Amino acid sequence: MFSSLLARTRNLQPSPEPFDDPSVWAITCFVVRREHRGEGIGRMLLDAAVAHARGHGARVIEGYPIDTDRGKTTSNELFHGALSTFLHAGFTEVARPKPARPIVSLTASDGTESGRIEE
C-alpha cells in the first residue's frame, strides 16, 4: 500500500527502482523537535533507518531529500532531510525530478553490518 502512495508522488516519478519491489525501502521524512534541531539528530535518525532497513532485508534504500544549496529552504521542507546528510551517509544521487529535489540511493548489504555510518 505504501509503495502505491509513493508511486503517485510527483517528486518521485523518475525513481529508477520499481515501486512494487519489497526489497526497495524508502526513507521519506524525519521529525525533530525545534529545540533539538542542529544537534545531529537527523543524521542519527538516518543511520538508524539504514540499519533497520539492512537488518530487514532491504536491497536498496532510497531517500528524497532537499538540496539546500539550490536556494532558501524552510524548516518545513527539511523534514525530508538535507541532501548533504544523505551524501555523507554514502547515498548517491540517482535522479533529480526538480532542481532542489534529488532522489538518492544506497545499495544495502546483506544485513550483517551495523548501520552506523562512521565519520
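Whatever comes next refers back to the structure up there.
Note that this is a predicted model, so its numbers are computed, not measured.

Before going further, it helps to spend a moment on the pattern of salt bridges. Where charged atoms of side chains with opposite charge meet at close range, the side chains can pair. Enumeration according to the criterion identifies five salt bridges in this entry. The partner of Asp21 in a salt bridge is Arg59, with the nearest N and O atoms 2.8 Å apart. Here the residue Asp21 occupies a position in the loop between helix 1 (2-7) and strand 1 (24-27), and Arg59 occupies one in the loop between helix 2 (41-55) and strand 2 (60-63), the gap between them amounting to 38 residues. For Arg59, a relative accessible area of 37% corresponds to the partly exposed category. The partner of Glu35 in a salt bridge is Arg33, and the shortest N-O contact between them spans 2.7 Å. Take Glu35: its relative accessible area is 47%, and that puts it in the partly exposed class. According to the relative accessible area criterion, Arg33 is exposed, its value standing at 57%. Each of Asp67, Arg70, Glu93 and Arg96 takes part in a single network of salt bridges with overlapping partners.

Taken as a whole, this structure holds two aromatic pairs when the rule is applied. On the numbers, 5.0 Å between centres and 80° between planes, the contact of Phe86 with Phe91 is edge-to-face. Looking at Phe86, the relative accessible area reads 0%, which means it is buried. These aromatic residues form a ring-pair network of at least three members: Phe30, Phe86 and Phe91.

Inspection of the sheet shows strand 3 (residues 92-98) paired to strand 4 (residues 101-107) by four bridges, in the antiparallel sense. Each bridged residue has a counterpart across the sheet, and for Lys98 the counterpart in strand 4 is Arg101. The turn linking strand 3 back onto strand 4 is made up of two residues.

Thresholds applied
Residues numbered from 1 in each chain as written. Predicted model: local features only at pLDDT ≥ 70, side-chain atom pairs only at ≥ 80, totals over all residues. Heavy atoms only, no water. Salt bridge = Lys/Arg side-chain N within 4 Å of Asp/Glu carboxyl O. Helix = DSSP H or I, 4+ residues; strand = E, 2+ residues; numbered from the N terminus. Buried < 20%, exposed > 50% of the residue type's maximum accessible area, 1.4 Å probe, protein only. Phe/Tyr/Trp six-rings, centres within 6.5 Å; stacked < 30°, edge-to-face > 60°. Pairing = 2+ DSSP bridges.

Read these as spatial facts, not as claims about activity.
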